[in-house]
Amino acid sequence: MLQGFAILLGCQLAGEAFVRAFALPVPGPVVGMVLLAVLMLARTPLPAEVGDVSGGLLKHLSLLFVPAGVGIVQHLGRLGDEGLRILLVLVLSTVVTLAVTAVVFAAVARLMGLAPVHHEPATEAVEEEQ
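The model shown is predicted, which means the values in this text are computed figures rather than measured ones.

## Section: the overall build of the protein chain
- Looking only at helices and strands, one finds six helices and zero strands in the protein chain.
- Starting at the N terminus, the α and β elements of the protein chain follow one another as α-α-α-α-α-α.
- In the protein chain, which comprises 130 residues, the share counted as buried stands at 10%.
- When the accessible surface of the protein chain is split by element, carbon and sulfur atoms take 72% of a total near 11000 Å².

## Re the pattern of salt bridges
- Scanning all chains against the criterion turns up one salt bridge.
- The partner of Arg20 in a salt bridge is Glu16, and the shortest N-O contact between them spans 3.5 Å. Residue Arg20 and its partner Glu16 are located together in helix H1 (residues 2-22), separated by four residues, close to a single helical turn.

## What to know about the nonpolar core
- Formed by Leu8, Cys11, Leu36, Val50 and Val53, the largest nonpolar core amounts to five residues.
- For this core, the secondary structure elements donating two or more residues are H1 and helix H3 (48-59).
- Apart from the residues within four sequence positions on either side, Leu8 is in contact with Leu36, Val50, Val53, Ser54 and Leu57.

## Things to note about the UniProt feature "transmembrane region" (unreviewed entry) in the protein chain
- UniProt records the feature "transmembrane region" (unreviewed entry) at residues 31-48, 60-77 and 83-109, using the numbering of this structure.
- Regarding residues 31-48, the helix share stands at 67% and the strand share at 0%, and the terminal C-alpha atoms are separated by 22 Å.
- Counting secondary structure, residues 83-109 comes out at 100% helix and 0% strand; the distance between its end C-alpha atoms is 38 Å.

## Comments concerning helix H5 (residues 76-111)
- In the structure, H5 departs most strongly from a straight axis at Glu82, where the bend amounts to approximately 75°.
- Among the residues trailing H5, Gly113 stands out with phi positive, at a value near 75°.

Cut-offs applied
Residues numbered from 1 in each chain as written. Predicted model: local features only at pLDDT ≥ 70, side-chain atom pairs only at ≥ 80, totals over all residues. Heavy atoms only, no water. Helix = DSSP H or I, 4+ residues; strand = E, 2+ residues; numbered from the N terminus. Buried < 20%, exposed > 50% of the residue type's maximum accessible area, 1.4 Å probe, protein only. Areas by Shrake-Rupley, 256 points an atom, 1.4 Å probe, with all protein chains shown as cover. Salt bridge = Lys/Arg side-chain N within 4 Å of Asp/Glu carboxyl O. Core = buried A, V, L, I, M, F, W, Y, C linked by side-chain atoms within 4.5 Å. Contact = heavy atoms within 4.5 Å. UniProt positions renumbered as here; feature names shortened; annotations may be inferred. Bend = angle between axes of the 7 residues up to and from the residue.

If you want it as structure tokens, here you go:
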């Protein structure tokens, strides 16, 4: 289990180092997760413990929200002052994210030939009947 945890932390550390070295505006853990995904796609033999550790972390994912909850409680005054603006930004960003996701999904489905093709009714057949 320690080996799996070390691999996960190593990928996160490599992601942090990469982000800091190139001053990227992306969180280091995200780059580390991409690195782990690339390792898995390259079929690099990863120990089974990585899956076990990942499953354990996912089982207790709700615990990772505790620091965010504590931060909200610490800044309740600011939340009261700027709550309407925060709510507006959250709703607007959710709508934009849903719209972009739908457009990208439709484009990828069309590129892969999975989207249903809507044919226009043939006007010649209509003209012949008249």
